[in-house]
Amino acid sequence: MTDKTAYYQKDLAEKLNNIRLTRVTNVLPDLQQHLFHIIPFLIHHNQIDVSGIIDPNTPCGVHGFDLSDAMIAACDALCLSVPSAIDSSVDAFEGIYAMGSTASFGQNPQSDFDIWLVYNSKLTQAQLKLIEYKNKLISDWFAGFEFEVNFYLVHPMQFRECSAFDNCQPVGLEHSGSSQHWLLLEEFYRSHIRLAGKTVAWWPDAQSQDTQSNANLLYLGNVNSLPAAEYFGASLWQLYKGLNKPHKALLKVLLLETYASEYPHTRLITQQLWQYCLDQDFSVANDAYLLLYQRIETYLIAQGDDNRLEIVRRCFYLKSGITLSSLSPTNSATDWRVEKMASLVKQWGWSHELITTLDNSPYWHAGQLKWFNQQLSELLLVSYKNLLKFASKQTLSERMRVEELGLLARKLHTYFSDDDHLIQPLNRLWSLSTAEKSLTIFHCKQASRFYLYRQTYVEQDPSQAVTDNQGHEFDNHPIHEADNICSLVAWSVLNGLATTDTKWFQVGRGKRRTDKLSYLTRKLIPIMHNVPTVYKRDLCEPWCYQKIVLITNMDKDPTTQLNEQELMLEHINANILSFGQKKISMLSSVAVVCLNSWGEWQSHRFNGNTALLEAISFIILGLKRSNDQVDLSIISCSSKLKQPIFNQLKTLLLRCYGLMKKVNQSNTLMHPIIMGDQQYSMYFNALGMMYRKTDVVAQVRNDHTHELPLPYTVDDTNVNVPSVIRKFIVMDAKQYFVRQRKQVLDVFIADEKNQLEHLQYQHTSINDFVAKESHLYVFDEQKQHRPVFNMPQFFQLVHIEGKLTVMPFGLSVDEMGSAF
């Protein structure tokens with residue numbers, strides 16, 4: 001390539017860059033315009049005026065930095081002084097670039113700004129740490145203006161031969177993890193805006209030699225031949241990102257599906273954009289996000305997939321933030337996208353009512369949000385399965401770390417699971433609030449289901465009571481359903497529908513039930529709204545409980561049958577499990593609402609005389625793995641004896657927790673308990689708690705715990721299973737415990753029902769075994785019939801200070817402490 005051609009390419013790239021700079025400021029309010037312009041200024045200088053203290057030794061300086069009029073105006077508006085030129089022999093940064101939806105059809109008032117800082121390859125790890133700290137201070141300062149900026153440090157060889165440099169680090173785990181590499185660079189090429197520094201050589205025939213003839217060019221790598229192995233990891237990552245922004249993820253995943261459908265002759269959006277530049281077309285058509293939509297549209301029309309196409313159009317419209325039904329003359333004149341969007345909407349045949357509904361998305365109620373979320377989830381899964389078919393013919397990307405694959409899958413399994421006991425968080429998308437003034441529950445006895453409606457219930461004549469399971473007297477559809485009433489209330493609290501001001505109703509029930517529902521709501525709000533962060537360590541270890549709520553007497557309430565005389569005689573030393581002369585248990589039902597360390601909320605209900613014992617048996621293994629910080633809460637919905645019920649159940653739970661912590665592989669602890677007029681024995685051992693009815697006459701009535709020898713029988717195949725493994729196994733998850741011994745690899749497998757199997761492999765490394773098993777689990781057709789994303793966990797058995805210890809496979813100590 002001649003120097004003249006290289007300079008011509010650079011001029012075209014700069015022309016598009018200037019147009020994008022103009023476009024981004026056109027749609028930003030004045031304050032945000034100043035904040036956007038000030039970004040390269042703050043990176044170039046160690047500006048002390050911003051909040052916090054920036055170490056003066058922090059590397060700064062951007063190649064070819066030029067203090068523009070816009071930066072000076074921004075400094076004046078933000079009351080920042082303009083320092084003198086920095087004295088540095090080496091600029092810390094090759095360039096500063098915004099990427100993503102900025103200056104495109106995808107930019108809306110809520111969009112954040114992703115900024116890539118391509119740093120000098122000579123910087124040390126210690127210097128990068130100082131820069132990271134400075135970036136955090138700047139991000140925090142921007143946040144004070146409600147302006148979200150995310151900085152990512154990028155080595156200039158990040159996408160070419162990163163492994164050769166010890167100061168080359170991932171682009172940011174929140175940005176892509178190791179799951180996508182060239183696809184991330186392709187997104188950068190098609191969407192970036194140079195804020196300062198070198199011009200990126202992103203045109204299709206760019207080469208590293210171009211930078212030798214022009215020191216103002218930055219070449220990051222060639223994306224023209226995207227490896228097929230990367231599509232699966234990238235799709236998995238976009239699904240994970242979709243947990244927060246599903247409308248955005250759907251567009252990204254469908255683009256991957258479109259690219260995969262054309263493989264190996266994929267024409268990238270980057271190539272299309274450059275062709276527009278060569279044709280001197282810098283109109284609205286030359287927009288990365290618009291081209292993204294159009295590529296998906298062409299693909300779905302060819303597939304005859306009208307359903308997905310309609311949802312994609314709504315996502316594209318909502319992502320833009322343009323509100324055609326309420327545009328002011330000012331917005332129409334300044335927003336360069338309005339005319340094109342109006343043309344598209346007319347072409348799609350949308351009604352005024354539909355446009356108005358979409359424009360009112362900040363005020364969508366939970367029913368609308370849930371419907372749209374369901375549509376997005378279903379379409380995301382369709383794309384994922386299509387990409388899975390494509391990827392099954394390839395190998396997993398070498399950059400896609402197996403341990404990260406498992407973590408991504410674990411979070412996705414939680415979100416996409418159809419387990420009726422999971423209390424799923426509702427993605428609020430654009431809605432400012434989901435709070436409801438009134439909520440009504442309808443119980444269908446025939447279906448044994450509870451249905452939730454977002455409206456007031458007016459008591460009718462009993463002869464006119466609802467008898468079907470559809471709630472036909474309501475003017476809308478149920479927004480949620482569950483198999484128990486506590487689950488409905490918990491879901492409403494978790495997702496912000498139920499507040500302290502919400503009025504509850506239940507069809508066919510009176511004020512006592514209304515008061516119970518309101519009381520339960522008030523009790524659950526502080527518990528469910530304050531949850532700990534989920535870290536990588538949590539996801540790569542067996543789950544344990546972080547919060548457990550025991551809810552009693554929500555349905556029936558035996559305490560209502562007690563008279564004042566019975567209460568006076570028994571209240572002081574009341575045994576609420578065997579109350580009064582008739583020895584009646586004051587518990588009719590027990591519901592458990594719990595949060596585990598993987599961030600999953602669940603709800604389970606137990607009935608009958610042994611409801612409490614069943615509840616304890618259910619939670620005890622998860623409690624054993626919990627630390628002393630586990631939050632145990634008791635909510636008694638009874639009309640009487642609230643405090644005695646709370647006290648006795650709290651004491652019992654703490655005692656059971658203590659007993660479970662004491663048991664080991666060689667003993668069993670037995671604790672007696674009286675329920676009603678019957679005595680039971682609770683047996684605690686390494687596998688959990690079981691209970692058994694005992695002969696009241698033969699037993700001495702006391703509450704002392706007894707230690708018993710553990711009857712221990714195992715299959716011959718399990719004789720060599722290390723006992724430490726039993727502390728880690730959990731229900732409903734497949735786990736591999738791997739130990740390397742010279743030429744032999746020991747593999748202990750615990751299946752979803754905790755059945756153990758021991759296998760041995762000759763001349764096989766741990767890494768090879770884990771990679772092979774993960775690949776088979778993802779792509780094997782028989783395994784694909786299992787629950788989606790339910791990947792196995794891998795652990796390594798290692799000796800630490802002479803003790804056999806279980807360690808999560810593949811993640812460093814530093815990584816496990818980071819949020820996921």
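Since this is a predicted model, take the numbers as computed values, not measurements.

Definitions and limits used
Residues numbered from 1 in each chain as written. Predicted model: local features only at pLDDT ≥ 70, side-chain atom pairs only at ≥ 80, totals over all residues. Heavy atoms only, no water. Helix = DSSP H or I, 4+ residues; strand = E, 2+ residues; numbered from the N terminus. Buried < 20%, exposed > 50% of the residue type's maximum accessible area, 1.4 Å probe, protein only. Contact = heavy atoms within 4.5 Å. Areas by Shrake-Rupley, 256 points an atom, 1.4 Å probe, with all protein chains shown as cover. Expected span 1.5 Å × (residues − 1). Salt bridge = Lys/Arg side-chain N within 4 Å of Asp/Glu carboxyl O. Pairing = 2+ DSSP bridges. Phe/Tyr/Trp six-rings, centres within 6.5 Å; stacked < 30°, edge-to-face > 60°. Patch = residues over 30% accessible without salt bridge, like charges linked within 9 Å, V, L, I, M, F, W, Y side chains within 5 Å. Axes fitted to C-alpha atoms, helices over the stretch in contact; angles between N-to-C directions. Parallel < 35°, antiparallel > 145°, perpendicular 65-115°, else oblique. Left-handed = near helix turned anticlockwise from the far one by under 90°. Lys, Arg positive; Asp, Glu negative; His and termini not counted. Polar contact = N/O pair within 3.5 Å; in protein donor to acceptor, adjacent residues only side chain to side chain. Arc of directions from axis to C-beta. pLDDT = per-residue confidence, 0-100. Core = buried A, V, L, I, M, F, W, Y, C linked by side-chain atoms within 4.5 Å.

**A short note on the overall build of the protein**
Step number 1: A tally of helices and strands in the protein yields 24 helices and 23 strands.
Step number 2: Classification of the 820 residues of the protein by burial places 56% in the buried group.
Step number 3: Across the protein, every contact between residues at least 6 apart in sequence was considered, and the portion connecting residues at least 24 apart equals 71%.
Step number 4: Within the structure as shown, the protein displays about 37100 Å² of accessible surface, and the carbon and sulfur contribution to it stands at 49%.

**Considering helix H11 (residues 306-320)**
Step number 1: Taking 1.5 Å of rise per residue, the 15 residues of H11 would be expected to cover 21 Å, and the 21 Å separating its terminal C-alpha atoms lies within 8% of that figure.
Step number 2: With 12 of its 15 residues buried, H11 lies for the most part within the structure.
Step number 3: Of the residues making up H11, those classed as buried are Arg308, Leu309, Ile311, Val312, Arg313, Arg314, Cys315, Phe316, Tyr317, Leu318, Lys319 and Ser320.
Step number 4: Lining the buried residues of H11 we find helix H8 (246-262), helix H10 (288-303), helix H13 (338-348), helix H14 (352-359) and helix H15 (366-391).
Step number 5: Positive phi appears at glycine 321, one or two residues downstream of H11, with a value of about 75°.

**A look at the pattern of salt bridges**
Step number 1: Evaluation of the coordinates by the stated rule reveals 20 salt bridges.
Step number 2: The shortest N-O distance in the salt bridge between arginine 308 and aspartate 305 comes to 2.7 Å. Assigned by exposure class, arginine 308 and aspartate 305 land together as buried.
Step number 3: Residue lysine 547 is joined to aspartate 631 by a salt bridge in which the shortest nitrogen-to-oxygen separation is 3.4 Å. Note that lysine 547 is positioned in strand E11 (residues 545-552) and aspartate 631 in strand E14 (residues 631-636), a separation of 84 residues in sequence.
Step number 4: For aspartate 631, a relative accessible area of 27% corresponds to the partly exposed category.

**Let's talk about the pairing of strand E22 (residues 793-800)**
Step number 1: Across 4 bridges, strand E19 (residues 735-741) lies against E22 in parallel orientation. Following the sheet pairing, glutamine 735 is matched in E22 by glutamine 793.
Step number 2: Relative to strand E23 (residues 803-808), E22 runs antiparallel, the two being bridged by 6 bridges. The residue bridging histidine 799 from the neighbouring strand is leucine 804, located in E23.

**Looking at the packing of aromatic side chains**
Step number 1: This model, assessed by the stated rule, comprises 31 aromatic pairs.
Step number 2: When the ring of phenylalanine 159 is compared with that of tryptophan 182, the centres are 6.5 Å apart and the planes differ by 45°; the resulting orientation is tilted. Note that phenylalanine 159 is positioned in the loop between strand E3 (149-154) and helix H5 (182-191) and tryptophan 182 in helix H5, a separation of 23 residues in sequence.
Step number 3: Note on tryptophan 203 and tryptophan 274: the rings are 5.4 Å apart at their centroids and 35° apart in plane angle, and the pair reads as tilted. Residue tryptophan 203 is located in the loop between strand E5 (199-200) and helix H6 (210-213), and its partner tryptophan 274 is located in helix H9 (residues 269-278); the two are separated by 71 residues in the primary sequence. Accessibility assignment for this pair places tryptophan 203 and tryptophan 274 in one class, buried.

**Points about a nonpolar patch on the surface**
Step number 1: Taken together, Leu67, Ile72 and Val82 make up a surface patch of nonpolar side chains, about 200 Å² in accessible area.
Step number 2: For valine 82, the position within the fold is in the loop between helix H3 (69-77) and strand E1 (93-99).

**Here we look at the sheet that holds E1**
Step number 1: Ordered in space as E3-E2-E1-E4, the 4 strands form an open sheet in which the pairing is mixed. Edge strands, defined here as strands with exactly one partner in the open sheet, are E3 and strand E4 (193-197). When strand polarity is set aside, the average angle formed by the axes of neighbouring strands in this sheet is 20°.
Step number 2: Sheet strands touched by helix H4 (residues 125-143): E1, strand E2 (113-119) and E3. Its angle to E3, the strand with the most contacts, is close to 165°.
Step number 3: With respect to the sheet, H5 is in contact with E1, E2 and E4, its orientation differing from that of E1 by roughly 85°.

**A look at the packing of H8 against H15**
Step number 1: Orientation of H8 relative to H15, taken along the N-to-C sense of each, is 25°, at an axis distance of 9 Å. Comparing the axis directions of H8 and H15 gives the class roughly parallel. Along this stretch, H8 crosses H15, giving a crossing that reads as left-handed. Contacts between H8 and H15 involve Pro246, His247, Ala249, Leu250, Val253, Leu254, Leu256, Glu257 and Ala260 on the former and, on the latter, Asn373, Leu376, Leu379, Leu380, Ser383, Asn386, Leu387 and Phe390.

**Observations regarding the sheet that holds strand E12 (residues 589-596)**
Step number 1: An order of E13-E12-E11-E14 is seen for the 4 strands of this open sheet, with the pairing classed as mixed. Unpaired on one side and paired on the other, strand E13 (601-607) and E14 mark the two borders of the sheet. Here the strands of the sheet are splayed against their neighbours by 15° on average, with no regard to which way each runs.

**Some words on the side chain of aspartate 287**
Step number 1: The topology assignment puts aspartate 287 in the loop between H9 and H10.
Step number 2: In this structure aspartate 287 is buried but unpaired, with arginine 23 as the nearest side chain of opposite charge at 4.4 Å.
Step number 3: Side-chain polar atoms of aspartate 287 contact the backbone nitrogen of tyrosine 289, separated by 3.1 Å.

**Notes on the environment of glutamate 353**
Step number 1: For glutamate 353, the location among the structural elements is in helix H14.
Step number 2: Spatially, the C-alpha atom of glutamate 353 lies 9.2 Å from that of serine 325, the residues being 28 residues apart in sequence.

**Concerning H3**
Since the α-helix packs 3.6 residues into each turn, any two residues three or four apart lie on the same face.
Step number 1: Those residues of H3 lying buried are Met71, Ala74 and Cys75. The buried side chains of H3 occupy one side of the element, clustering within an arc of 100° when seen end-on. Set apart from the buried face of H3 by more than 90 degrees, the exposed residues are Asp69 and Asp76.
Step number 2: Turning to H3, the residues buried within the fold contact helix H2 (30-44).
Step number 3: The first or second residue beyond H3 is cysteine 79, which carries a positive phi of 60°.

**Focus: the confidence of the model for the protein**
Step number 1: Within the protein, residue pLDDT values average 84, and 86% of them lie at 70 or more.
Step number 2: The least confident element of the protein is helix H24 (residues 813-816), whose mean pLDDT is 53; the most confident is E4, at 98.
Step number 3: Predicted confidence is poor over residues 173-178, with pLDDT under 50, and the contacts of this stretch with residues over four places away or in other chains come to 22 contacts.
Step number 4: Ignoring residues within four places in sequence, the model shows residues 710-719, a span with pLDDT below 50, making 13 contacts including any to other chains.

**Remarks on the nonpolar core**
Step number 1: Phe188, Leu250, Phe316, Leu520, Leu524, Ile551 and Phe789 are the most contacted members of the largest nonpolar core, which has 136 residues in total.
Step number 2: With 12 residues, H15 is the largest single contributor of residues to this core.
Step number 3: With sequence-adjacent residues up to four places away left out, leucine 524 is seen in contact with Val489, Ala490, Val493, Val549 and Ile635.
Step number 4: If you look at the next biggest cluster of nonpolar residues, it comprises 50 residues, including Trp543, Leu623, Cys656 and Leu669.

**A closer look at the packing of H8 against H11**
Step number 1: Where H8 contacts H11, the two axes come as close as 9 Å, and the packing angle between them is 125°. Judged on the interaxial angle alone, H11 and H8 are oblique. In terms of crossing hand, the pair formed by H8 and H11 is left-handed. For the pair formed by H8 and H11, the contact residues are His247, Lys248, Leu250, Leu251, Leu254 and Glu257 on the first element and Arg308, Ile311, Val312, Cys315, Phe316 and Lys319 on the second.

**Section: unusual backbone geometry**
Step number 1: In this structure, the amide linkage connecting tyrosine 263 to the following residue, proline 264, adopts the cis form with an omega of 5°.
Step number 2: With respect to the helices, strands and loops of the structure, proline 264 is situated in the loop between H8 and H9.
Step number 3: The backbone of leucine 429 sits at a positive phi, close to 50°, despite the residue not being glycine.
Step number 4: Examined against the element boundaries, leucine 429 turns out to sit in the loop between helix H16 (402-416) and strand E7 (438-444).
Step number 5: A positive phi angle, near 50°, is found at lysine 583, a position not held by glycine.
Step number 6: Relative to the helices and strands, lysine 583 resides in the loop between helix H20 (564-570) and E12.

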